[in-house]
Amino acid sequence: LIGLPAAFHLDQQTGALPQKLNHASAATQLATSSVLQTIPAVIELAAVAVVLSQLHQPVLVGIFLASAATYALIFSRGVTAVRRSSQDVSAHAISAQATLADALLGVETIKSFNAGHEANRRYCNATEALERSLCALDAFYELGVRAMTLTHSARTEAGDGCQVEGGGGLTG
């Protein structure tokens with residue numbers, strides 16, 4: 001193992017498996033909950049459509065169907081947008097957690113290759129995408145993130161870190 005390059009040891013991503021399983025479990029729960037919440041709404045909409053058709057008012061039926069179709073279209077577009085951003089956040093969170101877990105699990109290997117700076121750089125790169133997505137804080141919360149630094153050592157969109165010359169941090 002010592003004869004292998006440091007990149008081999010740093011690129012394993014074994015820490016991603018627990019995160020992927022956790023995210024898959026959360027997604028399954030969300031999908032199940034969504035289906036269980038949607039079924040009563042669909043039954044209610046069908047009942048309204050039947051009642052309106054029994055009133056022999058084609059204008060009301062047409063308005064109802066047009067409203068339902070418009071709502072479905074807007075809702076599906078919203079779901080698509082949220083799904084894309086959630087997948088992106090999830091992928092970045094998995095990458096960051098996997099990079100950190102692998103660095104912690106392989107700390108002795110990293111030390112033997114004197115690759116601490118490389119491991120730190122990889123973790124900073126993995127978390128940088130999360131730090132830039134401040135608008136996705138609700139999605140982070142849903143994915144289980146409870147704390148994260150806005151800045152630490154580098155400059156981000158939120159402010160300057162402690163190692164940036166000039167001190168343009170969050171407080172000034």
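A short tour of the structure in this document, coming up. (Residues numbered from 1 in each chain as written. Predicted model: local features only at pLDDT ≥ 70, side-chain atom pairs only at ≥ 80, totals over all residues. Heavy atoms only, no water.)

## Regarding unusual backbone geometry
Counted only if it meets this: Counting from the N terminus, the helices are DSSP H or I runs at least four residues long and the strands are E runs at least two residues long. Accessible area is worked out with a 1.4 Å probe on protein chains only. A residue is then buried under 20% of its type maximum, exposed over 50%, and partly exposed in between.
Although it is not a glycine, His 56 adopts a positive phi angle of roughly 55°. Note on placement: His 56 falls in the loop between helix 2 (16-54) and helix 3 (58-105). A relative accessible area of 63% places His 56 in the exposed class.

## Describing the pattern of salt bridges
What counts, and what does not: Definition used for salt bridges: Asp or Glu carboxyl oxygen within 4 Å of a side-chain nitrogen of Lys or Arg.
Tallied over the entire structure, the rule returns three salt bridges. Of the charged contacts in the structure, one is a salt bridge between Glu 108 and Lys 111, with a shortest N-O distance of 4.0 Å. Placement of the pair is Glu 108 and Lys 111 together in helix 4 (residues 107-112), with a separation of three residues, close to one helical turn. Comparing Glu 108 with Lys 111, the two get one shared label, exposed. Here Glu 118 ties to Arg 121 by a salt bridge, and the two come within 2.6 Å at their closest N and O atoms. Here the residue Glu 118 and the residue Arg 121 both occupy positions in helix 5 (residues 116-132), the gap between them amounting to three residues, near one helical turn.

## Some thoughts on the packing of helix 2 against helix 3
Selection criterion: Only C-alpha atoms enter the line fits that serve as axes; for helices the fit covers just the stretch in contact. Angles between N-to-C directions range over 0 to 180 degrees. The labels follow the angle: roughly parallel below 35 degrees, roughly antiparallel above 145, roughly perpendicular from 65 to 115, and oblique for the rest. Residue contacts are defined here by distance: any two heavy atoms, one from each residue, within 4.5 Å place the two residues in contact. Three categories are distinguished: nonpolar for Ala, Val, Leu, Ile, Met, Phe, Trp, Tyr, Cys and Pro, charged for Asp, Glu, Lys and Arg, and polar for the others, with Gly belonging to the last.
Contact pair helix 2 / helix 3: the axes reach a minimum separation of 12 Å and the direction vectors enclose 175°. What the angle tells us is that helix 2 and helix 3 run roughly antiparallel. For the pair helix 2 and helix 3, the contacting residues are Ala 16, Gln 19, Lys 20, His 23, Leu 45, Val 48, Ala 49, Leu 52 and Ser 53 in the first and Leu 60, Val 61, Phe 64, Ser 90, Ala 93, Ile 94, Gln 97 and Ala 98 in the second. Across the contact of helix 2 with helix 3, the residue classes break down as eleven nonpolar, five polar and one charged.

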